[in-house]
Amino acid sequence: MANKDEDRLLAHDYDGIQEYDNPMPRWWLWIFYATILFVPFYYVAPGFMGEGPGMVAEYEADVAAHQAAQPPAPAAMDDATLLAVLNDKDELQEGAEVFTKNCAACHRADGGGLIGPNLTDAAWIHGGTPGAIYQTISAGVLAKGMPAWDRILKPDELKEVAAYVMSLKGTNPPQAKAAEGTVDSTAAAPAPPGN
Ligand code: HEC
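This one's a predicted model, so the numbers in the text were calculated from it and none came from an experiment.

Novice: Hey, could you run me through the coordination of the iron atom of the ligand in this one?
Specialist: For a metal with four donors in a tetrahedral arrangement, the ideal angle between donors is 109.5 degrees, while six donors in an octahedron ideally sit at 90 or 180 degrees. The protein atoms that coordinate the iron atom of the ligand are H107 (NE2) and M146 (SD), at distances spanning 1.9 to 2.1 Å. Since its relative accessible area comes to 9%, H107 is described here as buried. A relative accessible area of 19% places M146 in the buried class.

Novice: Teacher, can you tell me more about the site of the ligand here?
Specialist: Taken together, 22 residues form the shell around the ligand, and within it C103, C106, H107, H126 and M146 come nearest. Here H107 contributes a side-chain N or O atom positioned 2.7 Å from a nitrogen atom of the ligand. H126 places a side-chain nitrogen or oxygen 2.6 Å from an oxygen atom of the ligand. Within the residue set of the shell around the ligand, elements represented by two or more residues are α5 (104-107), α6 (130-139) and α7 (155-168). Considering every element that reaches the shell around the ligand, the biggest residue donor is α6, with 3 residues. Counted by class, the shell around the ligand contains 15 nonpolar, 6 polar and 1 charged residues.

Novice: How should I be thinking about the packing of helix α3 (residues 79-86) against α6 in this particular structure?
Specialist: Each pair of packed helices gets described by two things: the angle between the helix axes and the distance between those axes. Look at α3 against α6: their axes get within 8 Å of each other, and the N-to-C directions meet at 90 degrees. Considering the angle they form, α3 stands roughly perpendicular to α6. The segment α3 lies against α6, with D79, L82 and L83 engaging P130, G131 and Y134. Residues that form the contact of α3 with α6 fall into these classes: 4 nonpolar, 1 polar and 1 charged.

Novice: Which parts of the structure should I look at to understand the environment of D7?
Specialist: Residue position: D7 is located in the segment before α1 (26-44). Along the sequence, D7 and N22 sit 15 residues apart, while their C-alpha atoms lie 7.1 Å from each other. The contacts of D7, once residues within four sequence positions are left out, are Y20 and N22.

Novice: Where do I start with a nonpolar patch on the surface in this structure?
Specialist: A surface patch of nonpolar side chains, amounting to about 910 Å² of accessible area, comprises M24, W27, W28, W30, I31, F32, Y33 and I36. By secondary structure assignment, the location of W30 is in helix α1. The exposure class of W30 is exposed, given its relative accessible area of 57%.

Novice: What exactly am I supposed to notice about α6 here?
Specialist: Because each turn of an α-helix spans 3.6 residues, side chains separated by three or four positions end up pointing in the same direction. Most of α6 is tucked away, with 8 of its 10 residues classed as buried. Residues of α6 that are buried include every one of P130, G131, A132, I133, Y134, T136, I137 and S138, and no others. In this fold, the buried residues of α6 make contact with α3, β1 (123-124) and α7. Once α6 finishes, G140 follows within two positions and takes phi at roughly 70 degrees, a positive value.

Novice: What is the right way to read the pattern of salt bridges from this model?
Specialist: Any two side chains of opposite charge can pair, on the condition that their charged atoms come close. Here the structure, examined in full by the defined rule, presents 4 salt bridges. Here D110 and R108 are joined by a salt bridge, their closest N and O atoms 2.9 Å apart. A salt bridge links D156 to K159, with the shortest nitrogen-to-oxygen separation between them at 3.8 Å. Of this pair, D156 and K159 both sit in helix α7, separated by 3 residues, roughly a single helical turn.

Novice: What's the story with the packing of aromatic side chains in this structure? I'm lost.
Specialist: Geometrically, a pair of aromatic rings is defined through the distance of the ring centres and the angle of the planes. Applying the stated criterion across every chain, the model contains 4 aromatic pairs. Where W30 meets Y33, the ring centres are 5.8 Å apart and the plane angle is 80 degrees; that geometry is what we call edge-to-face. Note that W30 and Y33 are positioned in helix α1 at a spacing of 3 residues, about one turn of the helix. Ring geometry for F99 against Y164: centres 5.4 Å apart, planes inclined by 55 degrees, an arrangement best described as tilted. Of this pair, F99 sits in helix α4 (residues 89-102) while Y164 sits in helix α7, placing them 65 residues apart in sequence. Like F99, the residue Y164 is buried in the burial classification.

Each value, and the rule that gives it
Residues numbered from 1 in each chain as written. Predicted model: local features only at pLDDT ≥ 70, side-chain atom pairs only at ≥ 80, totals over all residues. Heavy atoms only, no water. Donors = N, O, S within 2.8 Å, 3.2 Å for Na, K, Ca; no water. Buried < 20%, exposed > 50% of the residue type's maximum accessible area, 1.4 Å probe, protein only. Near = heavy atom within 4 Å. Polar contact = N/O pair within 3.5 Å; in protein donor to acceptor, adjacent residues only side chain to side chain. Helix = DSSP H or I, 4+ residues; strand = E, 2+ residues; numbered from the N terminus. Nonpolar A, V, L, I, M, F, W, Y, C, P; charged D, E, K, R; others polar. Axes fitted to C-alpha atoms, helices over the stretch in contact; angles between N-to-C directions. Parallel < 35°, antiparallel > 145°, perpendicular 65-115°, else oblique. Contact = heavy atoms within 4.5 Å. Patch = residues over 30% accessible without salt bridge, like charges linked within 9 Å, V, L, I, M, F, W, Y side chains within 5 Å. Areas by Shrake-Rupley, 256 points an atom, 1.4 Å probe, with all protein chains shown as cover. Salt bridge = Lys/Arg side-chain N within 4 Å of Asp/Glu carboxyl O. Phe/Tyr/Trp six-rings, centres within 6.5 Å; stacked < 30°, edge-to-face > 60°.

Okay, structure coming up:
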């Protein structure tokens, strides 16, 4: 590859810096041309025109597989199961953590209510039986700004947080929001004194 022009200085001079008129090495150029030849194959191979599912379809398949592996929490739960969770200290503690992390922003850390209603009184907009509370949390009340948690929380977490909400009843935190809804006399947890 020795070339007598190789060390020929070019005429220009940038702030004292001069350069040689060296061509790109042959091996470099061949790799460069090879990448250009590869482009049409690469363009056609994945994606909509040719073989393979392409990035979008792969992403959608991954999402579908993930959702299949993690089915949403059941929409309904019987009272007995939820009362059993209510009586389990460890599960209730887990529920408290789920509540602090996900619910306190709207219902206040002590459940006294903020954007969302007071969860500590005996009145319920959507029913105060364990099953009804669970259902409200699972499906949410989207029109009123209560998110649906069936796909966000794990099935166990949903049960635990529902039981934790049940345990808040009658805790009478200071400056709680006024009661909304109706007193549900079928609610399983005991009504707070004075209500
Ligand atoms: C973005 C705000 C927001 C978050 C976060 C939120 N909620 Fe709510 N929640 C609301 C609103 C608003 C309502 C009232 C819906 C209505 O008026 O029908 C509500 C209602 C409820 C009710 C029904 C109360 C009743 O009187 O029937 C329960 C139970 C409840 N939320 C539990 C939870 C739990 C548990 C979490 C966390 C997993 C949670 N919420 C997170 C806003 C929120």
